[in-house]
Amino acid sequence: MGVCCYQCLKYMVMIFNLLYLLLGGALLGTALWMYLDAADMAPVTADIEGYNYILYFLMAVGGVMFIMGFLGCCGAFQESQCMLATFFALVLVMFAGQIAAGIWLKSNEGRFTSLAESSLASSIQHDYGFAELKTTAFDVIQKELKCCGSISPSDWAESRYNGADEKGAGMEIGVAAVLGTYKVPPSCCVSEDESACELNREVPLAGPILGTIHSEGCAKKMIQMIHKHSYEVLGIIAAIVLIEVLAMIFSMVLCCTVRRIDHVKA
């Protein structure tokens, strides 16, 4: 009976560590994909302050989780006290780090909105229409999220797209300045009809935003999209934390059992 329980415990530790290894590999792969993929929204989001550092952090966490899972599997299979104890200590440190990171993210939640706004505004003022990748990326964002500009469509008024200088200091004297209007990209249009869009994407500098173009800013829409999927993210985090706690419990119990068996054999 005792041997059967011991074998069951051993294989349970191996299973939990295998899950931990797979989660680490999935996190590492996702972070690498987000970093290397140059399509869709990546060129714009890459401008957000700290974006790449977050990806580097996720890569590091995924790599460490993968190594720790491998270490735990080997420790359980080889019945090594040293490897099991090392695995327990590393998971404990990782667990504490995740709690600290969660508290920091929650306390700095408002900062991400301002970072998104400033990043998108920078792309609008300096890059749209001049950097191909960022132009395509911003069109994808505006079409998919049904938004226009960073905070509102008026962000386009002082952009290079409307003849402003590179610093966005103001529009040059021209048609837009004379008529008191500015143009928004076709991706801002509510209608997908090209002729209707062309007629409606010229907006008065001092006037109401008509229903022919999207009136909400993309920064707000992006934050809303993140909040919309927050429960899925929290579910994944909860699953990782549960696996970590169970892996720590089972690895420590197995380590103590192996030590007791070695003591009896001696």
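Refer to the structure above for everything that follows.
The rules behind each value
Residues numbered from 1 in each chain as written. Predicted model: local features only at pLDDT ≥ 70, side-chain atom pairs only at ≥ 80, totals over all residues. Heavy atoms only, no water. Helix = DSSP H or I, 4+ residues; strand = E, 2+ residues; numbered from the N terminus. Contact = heavy atoms within 4.5 Å. Areas by Shrake-Rupley, 256 points an atom, 1.4 Å probe, with all protein chains shown as cover. Patch = residues over 30% accessible without salt bridge, like charges linked within 9 Å, V, L, I, M, F, W, Y side chains within 5 Å. Salt bridge = Lys/Arg side-chain N within 4 Å of Asp/Glu carboxyl O. Phe/Tyr/Trp six-rings, centres within 6.5 Å; stacked < 30°, edge-to-face > 60°. Buried < 20%, exposed > 50% of the residue type's maximum accessible area, 1.4 Å probe, protein only. Lys NZ or Arg CZ within 6 Å of the ring centre and 35° of its normal. Polar contact = N/O pair within 3.5 Å; in protein donor to acceptor, adjacent residues only side chain to side chain. Core = buried A, V, L, I, M, F, W, Y, C linked by side-chain atoms within 4.5 Å. Expected span 1.5 Å × (residues − 1).

## What about the overall build of the protein chain?
Per the secondary structure count, the protein chain includes ten helices and two strands. Taken from the N to the C terminus, the helices and strands of the protein chain come in the order α-α-α-α-α-α-α-β-α-β-α-α. If you take every contact in the protein chain between residues at least 6 apart in sequence, the share linking residues at least 24 apart comes to 71%. Accessible surface for the protein chain amounts to roughly 15,400 Å². Of this, 68% is attributable to carbon and sulfur atoms.

## Details of a nonpolar patch on the surface
A contiguous nonpolar patch, built from Ile15, Leu18, Leu19 and Leu22 and spanning about 360 Å² of accessible area, is present on the exposed surface. As for its position among the elements, Leu18 is in helix α1 (residues 2-36).

## As for the packing of aromatic side chains
Scanning all chains against the criterion turns up six aromatic pairs. Measuring from centroid to centroid gives 4.8 Å for Tyr128 and Trp156, while their planes differ by 75 degrees, and the two rings are edge-to-face. Here Tyr128, found in the loop between α5 (109-127) and α6 (132-145), pairs with Trp156, found in the loop between α6 and α7 (175-179); they are 28 residues apart in sequence, far enough to count as distant. By relative accessible area, Tyr128 is classed as buried at 5%. On the basis of an interplanar angle of 85 degrees and a centroid distance of 5.3 Å, the ring pair of Tyr128 and Tyr161 is categorised as edge-to-face. Here Tyr128, found in the loop between α5 and α6, pairs with Tyr161, found in the loop between α6 and α7; they are 33 residues apart in sequence, far enough to count as distant. According to the relative accessible area criterion, Tyr161 is partly exposed, its value standing at 28%. In textbook terms, an aromatic cluster arises when at least three aromatic residues are bridged by ring pairs, as seen for Tyr128, Phe138, Trp156 and Tyr161. Sitting over the ring of Phe130, Arg160 keeps its end group 3.7 Å from the ring centre.

## Re the side chain of Glu244
Along the chain, Glu244 turns up in helix α10 (residues 230-265). Looking at Glu244, its side chain comes within polar contact range of the side chain of Gln98, at 3.0 Å. Once residues within four sequence positions are removed from consideration, Glu244 is found in contact with Tyr20, Val91, Met94, Phe95 and Gln98.

## Quick notes on the nonpolar core
Membership of the largest hydrophobic core comes to 22 residues, with the highest contact counts inside it found for Val13, Tyr20 and Leu254. The set of elements that each furnish at least two residues to this core consists of α1, α3 (51-78), α4 (81-107) and α10. If you tally residues by element for this core, the top one is α10, at eight residues. Sequence-distant contacts of Tyr20, defined by excluding residues within four places in its chain, comprise Met65, Met68, Gly69, Phe87, Val91, Met94, Ile243 and Glu244. Within the second largest apolar cluster, 19 residues are counted, among which are Leu145, Val203, Cys218 and Met222.

## Remarks on the environment of Asn162
Among the secondary structure elements, Asn162 is positioned in the loop between α6 and α7. Engagement of the side chain of Asn162 in a polar contact is seen with the backbone oxygen of Trp156, the distance being 2.7 Å.

## Quick notes on the environment of Lys143
Here Lys143 is to be found in helix α6. Between the C-alpha atoms of Lys143 and Val190, which are 47 residues apart in sequence, the distance is 8.8 Å.

## Some details on the environment of Ile213
Here Ile213 lies in the loop between β2 (202-204) and α9 (218-228). Apart from the residues within four sequence positions on either side, Ile213 is in contact with Pro153, Val184, Cys188, Cys189, Val190, Asn200, Arg201 and Val203.

## Examining α4
An α-helix turns once per 3.6 residues; consequently, residues spaced three or four apart project the same way. The terminal C-alpha atoms of α4, which comprises 27 residues, lie 39 Å apart, in line with the 39 Å expected from a rise of 1.5 Å per residue. Within α4, burial applies to Leu84, Phe87, Val91 and Met94.

## Brief notes about the pattern of salt bridges
Applying the stated criterion across every chain yields a total of four salt bridges. One salt bridge connects Lys183 with Glu198, and the closest N-O pair in it is separated by 3.5 Å. You can see Lys183 sitting in strand β1 (residues 181-183) and its partner Glu198 sitting in helix α8 (residues 194-200), a full 15 residues away along the chain. Given a relative accessible area of 39%, Glu198 falls into the partly exposed group. With a closest N to O distance of 3.2 Å, Arg201 and Glu198 form a salt bridge. Relative accessible area serves as the criterion here: at 9%, Arg201 is assigned to the buried category. One network of salt bridges, in which partners are shared, links Lys183, Glu198 and Arg201.

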